[in-house]
Amino acid sequence: KQGFNLIILDSLVNSSEKVISNMSRILEIKDLKDRLVLIKGDIRNSSLLSKIFKDSKNNNNPVDAVIHFAGLKSVKDSIMNPLIYWDVNVSGTLNLLNVMEENKCFTFIFSSSATIYGLQKNLPILETAAINPYNVYGETKATVEKILFKISKNKKFQNWRIATLRYFN
């Protein structure tokens with residue numbers, strides 16, 4: 001609604017192209033398709049990410065910020081297929097951060113999960129609760145959060161602005 005142009009990179013593993021029409025309807029924006037580009041791809045593909053950043057810059061509309069919702073999200077599937085979860089959720093995020101740094105894009109919002117807290121006795125769970133994931137999905141999200149925390153504390157990365165969203169589904 002604020003007039004930003006958006007690029008969505010999505011493997012469409014957990015979603016579909018219908019999301020764009022749903023966004024347009026929810027936001028009540030009729031010309032959303034004119035300001036939004038959907039690219040089918042994977043955050044582990046650094047060549048594709050670099051091309052997206054380069055093309056945006058060449059079109060006089062450089063990428064200013066990234067909201068990172070890309071990731072696998074099934075607790076059950078993460079237990080059955082742990083390596084793919086580590087690859088997509090952690091390696092993919094590192095790949096994205098590296099391409100962002102190469103392109104001087106330093107604003108990053110990460111979609112995490114309350115599963116990083118594991119099973120808690122005290123409810124509601126406070127943000128200060130111990131991080132103790134009990135499944136691979138939660139472990140991958142906690143690992144990315146730890147990486148982001150280390151980046152935020154490192155003077156080399158003082159230009160970065162990082163936020164993490166934790167969802168309680």
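For the structure itself, consult the block above.
Residues numbered from 1 in each chain as written. Predicted model: local features only at pLDDT ≥ 70, side-chain atom pairs only at ≥ 80, totals over all residues. Heavy atoms only, no water.

> Honestly, the sheet that holds strand β5 (residues 161-165) in this entry has me stumped. Any pointers?
The strands that make up a sheet are held in pairs by hydrogen bonds between backbone atoms, and each pair lies either parallel or antiparallel. Reading across the sheet, the three strands line up as β3-β4-β5 and stay open at both edges, with parallel pairing between neighbours. Where the open sheet ends on each side, the last strands, each with one partner, are β3 (66-68) and β5. Taken pair by pair, the neighbouring strands of this sheet meet at an average axis angle of 15°, ignoring direction. Two elements, strand β4 (residues 107-111) and β5, share five bridges in a ladder whose sense is parallel. Among the inter-strand pairings, Ser-111 is bridged to a residue of β5, identified as Leu-165. (Pairing = 2+ DSSP bridges. Helix = DSSP H or I, 4+ residues; strand = E, 2+ residues; numbered from the N terminus. Axes fitted to C-alpha atoms, helices over the stretch in contact; angles between N-to-C directions.)

> Where do I start with unusual backbone geometry in this structure?
Working note: non-glycine residues mostly have negative phi, and peptide bonds are mostly trans. Geometrically, the link from Leu-123 to Pro-124 is a cis peptide bond, its omega value of 0° lying close to zero. Mapping Pro-124 onto the fold places it in the loop between β4 and α6 (136-153). One non-glycine residue, Leu-12, adopts positive backbone phi at about 65°. Mapped onto the elements, Leu-12 comes out in the loop between β1 (6-10) and α1 (18-27). Positive phi, close to 55°, is recorded for Lys-104, a residue that is not glycine.

> Looking at this structure, how should I read the environment of Ala-129?
Structurally, Ala-129 can be placed in the loop between β4 and α6. Relative accessible area serves as the criterion here: at 18%, Ala-129 is assigned to the buried category. Along the primary structure Ala-129 and Gly-118 are separated by 11 residues, whereas in three dimensions their C-alpha atoms are 9.8 Å apart. In contact with Ala-129, not counting residues within four places along its chain, are Tyr-117 and Gln-120. (Buried < 20%, exposed > 50% of the residue type's maximum accessible area, 1.4 Å probe, protein only. Contact = heavy atoms within 4.5 Å.)

> Any chance you could explain the side chain of Asn-135 here in plain terms?
Secondary-structure assignment places Asn-135 in the loop between β4 and α6. Owing to a relative accessible area of 2%, Asn-135 belongs among the buried residues under this scheme. Separated by 3.2 Å, the side chain of Asn-135 and the backbone nitrogen of Tyr-137 make a polar contact. With sequence-adjacent residues up to four places away left out, Asn-135 is seen in contact with Val-75, Ser-78 and Ile-79. (Polar contact = N/O pair within 3.5 Å; in protein donor to acceptor, adjacent residues only side chain to side chain.)

> How do you make sense of the pattern of salt bridges when you look at a structure like this?
Per the counting criterion, the structure on display carries five salt bridges. The closest approach of N and O atoms between Asp-55 and Lys-51, which form a salt bridge, is 2.6 Å. With a gap of four residues between them, Asp-55 and Lys-51 both fall in helix α3 (residues 46-58), about one helical turn apart. With a shortest N-O distance of 2.5 Å, Glu-145 and Arg-166 are connected by a salt bridge. Taken together, the residues span a long stretch of sequence, with Glu-145 in helix α6 and Arg-166 in the segment after β5 at a distance of 21 residues. Looking at Arg-166, the relative accessible area reads 25%, which means it is partly exposed. (Salt bridge = Lys/Arg side-chain N within 4 Å of Asp/Glu carboxyl O.)

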